[in-house]
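# Remarks on the overall topology
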Amino acid sequence: MTDDVLNIVLGVVAAGISATLGWLARTYLWKRRLRRKQAFFGLPDSSESLLVVNRDPAATEPAVHRFDVFALLELSALIKDCGAHAQVVTQDMVGQGFGERTEFCVGGPGSNRRMVAHMAAMLPGVRVNVDPEPGPDRGAFQIGAERYRMDPGITEYVLLARLTAGERRETRPVFLFCGQRAITNQAATRYLAGNHERLARKHGSNSFVLLLKVINSQAYGPDVVELVGDVTRTATAPLPKPDPATSSRNSHRA
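We now turn to the structure provided with this report.

Cut-offs and rules
- Position numbers for residues count from 1 along each chain, tracking the sequence in the order it is written.
- Given that this is a predicted model, residues contribute local features only at a pLDDT of at least 70 and side-chain atom pairs are listed and counted only at 80 or more, while totals for whole chains, interfaces and linings are drawn from all residues.
- As a rule here, side-chain values come from all non-hydrogen atoms in the structure, and water together with hydrogens is ignored.
- A residue counts toward a patch only above 30% relative accessible area and without a salt bridge, and it is joined to like-charged neighbours within 9 Å or, for Val, Leu, Ile, Met, Phe, Trp and Tyr, to nonpolar neighbours within 5 Å.
- In this description, accessible areas are obtained by the Shrake-Rupley approach with a 1.4 Å probe, and a residue is regarded as covered only by the protein chains that are shown.
- Just to be clear on terms, a salt bridge is a Lys or Arg side-chain nitrogen sitting within 4 Å of an Asp or Glu carboxyl oxygen.
- Under this rule, positive means Lys or Arg and negative means Asp or Glu; His and the chain ends count for nothing.
- Throughout, a charge is located at the NZ atom of Lys, the CZ atom of Arg, the CG atom of Asp or the CD atom of Glu.
- Put simply, DSSP H or I for four residues or longer makes a helix, DSSP E for two residues or longer makes a strand, and each gets a number counted from the N terminus.
- Paired strands, in this sense, are two strands between which DSSP finds at least two bridges.
- Lines fitted to the C-alpha atoms define the axes, with helices restricted to the stretch that makes contact. Angles between their N-to-C directions range from 0 to 180 degrees.
- Contacts are assigned to residue pairs that have any heavy atoms within 4.5 Å of one another.
- Classification of residues uses two cut-offs on accessible area relative to the type maximum, computed with a 1.4 Å probe and protein chains only: under 20% is buried, over 50% is exposed, and between them is partly exposed.

## Digging into a positive patch on the surface
A surface patch of positive charge is lined by R32, R36, R198, R201 and K202. Taken together, the elements giving at least two residues each to the positive patch come down to α1 (3-41) and α4 (182-203). For the positive patch, the element with the most residues is α4, which contributes three residues.

## Section: the sheet that holds strand β2 (residues 85-90)
Pairing is mixed in the open sheet, where seven strands are placed in the order β2-β1-β3-β8-β7-β9-β10. The sheet is open, and its two borders are formed by β2 and β10 (225-230), each paired with just one other strand. Going across the sheet, the axis of each strand differs from the next one's by a mean of 20°, ignoring polarity. Sheet strands in contact with helix α3 (residues 113-122) are β1 (48-53), β3 (102-106), β7 (155-163) and β8 (174-179), and its direction is about 110° off that of β8.

## Focus: the pattern of salt bridges
Summed over all chains, the structure comprises nine salt bridges. Note that D81 and K37 form a salt bridge whose closest N and O atoms lie 3.5 Å from each other. With D81 in helix α2 (residues 66-81) and K37 in helix α1, the pair connects residues that are 44 residues apart, well separated along the chain. A relative accessible area of 48% means that D81 is categorised as partly exposed. A salt bridge links E74 to R190; its shortest N-O distance comes to 2.9 Å. Taken together, the residues E74 in helix α2 and R190 in helix α4 connect sequence positions 116 residues apart. A relative accessible area of 32% means that R190 is categorised as partly exposed.

## Brief notes about a nonpolar patch on the surface
A cluster of nonpolar side chains, V64, V69, F70 and L73, forms an exposed patch at the surface whose accessible area comes to about 300 Å². With respect to the secondary-structure elements, V64 resides in the loop between β1 and α2.

## Observations regarding the pairing of β8
Judged by how many residues are buried, β8 sits mostly within the fold: six of six residues are covered. Burial along β8 is two-sided: V174, L176 and C178 facing one way and F175, F177 and G179 facing the other are all buried. Alignment of β3 against β8, held across four bridges, turns out to be parallel. If you follow C105 over to β8, its bridge partner there is L176. Bridging between β7 and β8 involves six bridges; their strand directions are antiparallel. Each residue of the ladder has a partner; that of L160, found in β8, is F177.

All we've got here are geometric facts, nothing functional implied.
If you want it as structure tokens, here you go:
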């Protein structure tokens, strides 16, 4: 074997080894990212999850708003990427507790009974005005002492939460997408899809509640979203009870 042939053979072998090592490294990194994603969402391979569908409050018959359908499609893609399965159930047909399967619950308390139950159990510091009558506080969020009113199509808010109950490691999380309008629910799912790696690095497997602001949805749809802040501590703490003396004085003045 001449030196030229030997050099060619060694070059081919070196290229093959480099390609194999590169493939193994990419596969390792891909699997590590997948495992982190699965851990964050509580979706190991072939696991089951729930997509809880709300109803469109503006419809006379049971129906789902088109923006909520878009939100469910984005969540379905996340679930599929994790190698898990999703079961779609309506908000009044769940009939089970939480923690056994990862749950994605879409819609505010005005359109989703399941959301009402989750907020009462895990977000006692949050109140949502579900009064159907028009007014400046319609749909407003109260988180602790702060109130967040919406200006439809201009400024709207949505809560994105990852919550767990109990201390068991195998407890699956509940993800809440509680918006003032259907388009804000889709904005929250899109924000989660685009930022889940950063959220996983920051929060790990811990619970969190984020308040997001959707800007000019009438022009930009669900794409322009700002993080108002992490409101976990306030949202998970009970609202202070009104002072009886103050309430009594106000009633006398009225």
